[in-house]
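Residue-level structural notes
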Amino acid sequence: MEAGDPARAVPLFEQILSVQVRTQGGDHLDTLSTRNNLANAVMWAGGLGAGCRAVRADLDRPGAGAGPVPCRHVEHSQRSR
């Protein structure tokens, strides 16, 4: 991400996330931080809508506890285009 190539960062964050979920669990703070970094990379690589969908899919996963989260700012910005 810092090198300015978010599309290349996405699979790297996915690999890190896979290891963290397996070794630390899905709710560990480091795992959650990586999920956030992955969502940001997806957003920068594919636009706000893609990043929002990645966050929603993550929060909707079994055991997340947070439930679905609306991305009103993204939905609003897409309607106004």
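For the structure itself, look to the data block above.
The sections below set out a description of the structure shown in this document. (Residues numbered from 1 in each chain as written. Predicted model: local features only at pLDDT ≥ 70, side-chain atom pairs only at ≥ 80, totals over all residues. Heavy atoms only, no water.)

Considering helix 2 (residues 29-46)
Heads up, the condition is: In this description a helix means any DSSP run of H or I spanning at least four residues, a strand means any run of E spanning at least two, and both kinds are numbered starting from the N terminus. Expected helix span is computed as 1.5 Å times (number of residues minus one). Partly exposed residues are those whose accessible area sits between 20% and 50% of the maximum for their type, while under 20% is buried and over 50% is exposed, using a 1.4 Å probe and protein chains only. By construction, the arc corresponds to the directions joining the helix axis to the C-beta atoms.
Between the first and last C-alpha of helix 2 there are 25 Å, a value that for 18 residues agrees with the 26 Å anticipated at 1.5 Å per step. Taken as a whole, helix 2 has its buried residues at Thr-31, Thr-34, Arg-35, Leu-38, Ala-39, Ala-41 and Val-42. On an axial view of helix 2, the arc spanned by its buried residues comes to 165 degrees, and they lie on one face. Among the exposed residues of helix 2, those pointing more than 90 degrees away from its buried face are Leu-29 and Trp-44. In the stretch just after helix 2, Gly-47 is the one whose phi turns positive, near 100 degrees.

Re the nonpolar core
Applied cut-off: For our purposes a nonpolar core is just a set of buried Ala, Val, Leu, Ile, Met, Phe, Trp, Tyr and Cys residues, chained together by side-chain atoms within 4.5 Å. Only heavy atoms enter the contact rule, under which two residues are in contact if any of them lie within 4.5 Å.
In this structure, Ala-9, Val-10, Phe-13, Leu-17, Leu-38, Ala-41, Val-42 and Ala-50 together form the largest nonpolar core, which totals eight residues. Top element by residues in this core is helix 1 (residues 6-24). It accounts for four residues. If we ignore the near neighbours within four places in the chain, the residues touching Phe-13 are Met-1, Thr-34, Asn-37, Leu-38 and Ala-41.

So, helix 1
Look at helix 1: 25 Å from first C-alpha to last across 19 residues, which is about the 27 Å you get at 1.5 Å a residue. Three or more residues of helix 1 are buried, namely Pro-6, Ala-9, Val-10, Phe-13, Leu-17 and Gln-20. In an axial view of helix 1, the angular spread of the buried residues amounts to 105 degrees, which keeps them on one side of the axis. Looking at helix 1, the residues exposed on the side facing more than 90 degrees away from the buried face are Arg-8, Gln-15, Arg-22 and Thr-23. Considering only its buried residues, helix 1 is in contact with helix 2. Immediately downstream of helix 1, the backbone of Gly-25 shows phi near 100 degrees, a positive value.

Geometric values such as these leave the question of function open.
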